[in-house]
Amino acid sequence: MNSRKGGRKARGDYDKGQAQLAANEPQGGELIKKSRTKMSNFAKQEQKASMELLKSKDLNNFKNKVGLEVVEDLKKSRYINPATRKTYTEKELEELVIKRAGERLTFAFEKLEKGGNPARQVIRQDPDIVKVYLKSGREISPVQGRPDQLVEYQKGLTRGIGRDKERGDESRGT
């Protein structure tokens, strides 16, 4: 994904700016400022993309699971909003669930991008996230280039997604 590559470049520029500042070079401060802005923009883009993906029917089970976790957490505080000291409204609860689901989706996508054991954990816990991840045109990285179950899982899902598209099967689509 372009924003990932751009985010890494911005992080590299930030580190470069810090090194320049450490060497008493004045352009380092400007480079740090620009890279901070870029990193912030990329983070906002990722969050926005996650929120868009949450509209997918494939993620209904995931949203329900997150919703149950949020409600369980709020039971401890008797549904009192610490900011207003009043009981959460239904709208506030919905916003809280969507916000937490977006955060967890972004975090899961980061794990899938890295591949390896963190990706296996996401695959076991939330296979729906993996389907949406692959449908969005992303790939799961294998561990150090060796073929493993992640690659096989990805190939199988990709074949299944392709067959669904050929048939025009919208029941499994986004």
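Further up the page is the structure itself.
None of the values given here were measured: they were computed from a predicted structure.

Peer 1: Where do I start with the nonpolar core in this structure?
Peer 2: It is characteristic of soluble globular proteins that their nonpolar side chains tend to be buried jointly. Counting 24 residues, the largest nonpolar core has Phe-62, Leu-105, Phe-109, Leu-112, Ile-129 and Ile-140 as the members making the most contacts within it. Sorting the residues of this core by element identifies helix 3 (60-76), helix 4 (90-114), helix 5 (116-125) and helix 6 (127-135) as the ones contributing at least two each. If you tally residues by element for this core, the top one is helix 4, at seven residues. Contact partners of Ile-129, with chain neighbours within four places excluded, come to Leu-59, Phe-62, Leu-105, Ala-108, Phe-109, Leu-112 and Val-122.

Peer 1: How should the packing of helix 5 against helix 6 be read in this particular structure?
Peer 2: The description of two packed helices rests on the angle between their axes and on the distance between the axes. Taken N-terminus to C-terminus, the directions of helix 5 and helix 6 make an angle of 115°; their axes are 5 Å apart at the nearest point. Between helix 5 and helix 6, the crossing angle belongs to the class labelled roughly perpendicular. Note on element contacts: helix 6 touches helix 5 through Pro-127, Ile-129 and Val-130, opposite Val-122, Ile-123, Arg-124 and Gln-125. Among the residues making up the contact of helix 5 with helix 6, the classes are represented as five nonpolar, one polar and one charged.

Peer 1: For this particular structure, what's the right way to read helix 6?
Peer 2: Since the α-helix turns once every 3.6 residues, residues separated by three or four places project in the same direction. Considered for burial, the residues of helix 6 that qualify are Asp-128, Ile-129, Val-130, Val-132, Tyr-133 and Leu-134. The first or second residue beyond helix 6 is Gly-137, which carries a positive phi of 90°.

Peer 1: Help me out: how do you make sense of the packing of aromatic side chains in this one?
Peer 2: One pair of aromatic rings is described through two measures. These are the centre distance and the angle between the planes. In total, this model carries one aromatic pair according to the counting rule given. Centroid distance Phe-109 to Tyr-133: 5.0 Å. Interplanar angle 70°. Geometry classified as edge-to-face. Separated by 24 residues along the polypeptide, Phe-109 in helix 4 and Tyr-133 in helix 6 bring together distant segments of the chain.

Parameters and conventions
- Residues numbered from 1 in each chain as written.
- Predicted model: local features only at pLDDT ≥ 70, side-chain atom pairs only at ≥ 80, totals over all residues.
- Heavy atoms only, no water.
- Core = buried A, V, L, I, M, F, W, Y, C linked by side-chain atoms within 4.5 Å.
- Buried < 20%, exposed > 50% of the residue type's maximum accessible area, 1.4 Å probe, protein only.
- Helix = DSSP H or I, 4+ residues; strand = E, 2+ residues; numbered from the N terminus.
- Contact = heavy atoms within 4.5 Å.
- Axes fitted to C-alpha atoms, helices over the stretch in contact; angles between N-to-C directions.
- Parallel < 35°, antiparallel > 145°, perpendicular 65-115°, else oblique.
- Nonpolar A, V, L, I, M, F, W, Y, C, P; charged D, E, K, R; others polar.
- Phe/Tyr/Trp six-rings, centres within 6.5 Å; stacked < 30°, edge-to-face > 60°.

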